[in-house]
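# Observations on chain architecture
Now for the letters of each chain:
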Amino acid sequence: MKKRIILSLIVLSGIALIYSCSSNTVKPGPAPAAAATVSVQNFAFVPDTVTIKAGGSITWTNKDTAPHTVTELSSAFDSGSLATNQTFNFTFNTAGTFKYHCLIHSMMKTAVVIVTN
Ligand SMILES: [Cu+2]
């Protein structure tokens, strides 16, 4: 009888030990980098200003029937011509302000990506 109690105590403390160890190994991961989406719609970038954290990425989708480009003014990124429903993704690793426009349609308003640390 005594043996059984001791044995079950050992088993219970073993379970408690495993539980405490496993709960200690659960650590919060790094905060996810912000991601954002921009539509190219009705000859405009929507929204025309996006703020993300460095390391984050933006995906543009052309929702027009006309082709568009997503081209940074100093060529930091350039999607090339995007057909309808085609997407372009770019990851911003450094903080800064990136103005971009569409090379095909000069009348389209310049849009901006603000990358913060
Ligand atoms: Cu365009």
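Each chain carries its own residue numbering, running from 1 in the direction its sequence is written. This being a predicted model, a pLDDT of at least 70 is required before a residue's local features are given, and a value of 80 or more before pairs of side-chain atoms are given or counted; all residues contribute to the totals for chains, interfaces and linings. Derived side-chain values reflect all non-hydrogen atoms in the structure, with water molecules and hydrogen atoms excluded from consideration.

### Here's the deal with the overall build of the protein chain
A count of helices and strands for the protein chain gives one helix and eight strands. Only DSSP runs of H or I reaching four residues or more are called helices, and only runs of E reaching two or more are called strands; each is numbered from the N terminus. Its helices and strands in sequence order give the protein chain the pattern α-β-β-β-β-β-β-β-β, from N to C terminus. Relative accessible area decides the class of each residue, using a 1.4 Å probe on protein chains only: under 20% of the type maximum gives buried, over 50% gives exposed, and in between gives partly exposed. Relative to its full complement of 117 residues, the protein chain shows a buried share of 29%. The contact definition used throughout considers only heavy atoms, calling two residues in contact when any of these lie within 4.5 Å. Put simply, 49% of the contacts in the protein chain that link residues at least 6 apart link residues at least 24 apart.

### Overview of the coordination of the copper ion
The donor set covers N, O and S atoms within 2.8 Å of the metal, switching to 3.2 Å for Na, K and Ca, and it leaves out water, so a site may look short of donors. In the first shell of the copper ion, the protein supplies His-68 (ND1), Cys-102 (SG), His-105 (ND1) and Met-108 (SD), at 1.9 to 2.7 Å from the metal. Coordination of the copper ion draws on donor residues from a single chain, spaced H-x33-C-x2-H-x2-M in sequence. Taken together, the positions of His-68 in the loop between strand S4 (57–62) and strand S5 (71–72) and His-105 in the loop between strand S7 (96–101) and strand S8 (111–116) put the pair 37 residues apart, joining distant regions of the chain. Summarising the burial analysis for this pair, His-68 and His-105 share the class buried.

### Thoughts on the sheet that holds S8
Any two strands between which DSSP finds at least two bridges are classified as paired. Taking strand neighbours across the sheet as the criterion, the four strands line up as S3-S8-S7-S5 in an open arrangement whose pairing is mixed. Where the open sheet ends on each side, the last strands, each with one partner, are strand S3 (49–53) and S5. One ladder, built from five bridges, connects S3 with S8; its direction is parallel. By the bridge assignment for S8, Val-50 is matched with Val-113.

### Some remarks on the sheet that holds strand S1 (residues 35–41)
Spatial ordering of the open sheet is given by S2-S1-S4-S6, a layout of four strands whose pairing is mixed. Of all the strands in the sheet, the pair left with one neighbour each is strand S2 (44–46) and strand S6 (87–91). Averaged over all pairs of adjacent strands, the angle between their axes in this sheet comes to 20°, without regard to strand direction. Bridge analysis of S4 against S6 gives five bridges, and the strand direction is antiparallel. A fitted line through C-alpha atoms serves as each axis, taken over the contacting stretch for helices, and the angle formed by two N-to-C directions is quoted from 0 to 180°.

### Topic: the side chain of Thr-61
The topology assignment puts Thr-61 in strand S4. Discounting residues that sit within four places of it in the chain, Thr-61 has contacts with Val-38, Ser-39, Val-40, Asn-85, Gln-86 and Thr-87.

### Some thoughts on unusual backbone geometry
The omega angle of the peptide bond from Val-46 to Pro-47 is -5°, so this bond is cis rather than trans. For Pro-47, the location among the structural elements is in the loop between S2 and S3. With phi around 70°, Asn-85 is a residue other than glycine that occupies positive phi space. Position of Asn-85 among the secondary structure elements: in the loop between S5 and S6.

### Points about the confidence of the model for the protein chain
What pLDDT reports is the predictor's confidence in each residue, on a scale of 0 through 100. Per-chain confidence: the protein chain averages 84 in pLDDT, with 72% of residues scoring 70 or above. Throughout residues 14–18 the model reports pLDDT below 50, and contacts reaching past four residues in sequence, or to other chains, amount to zero contacts.

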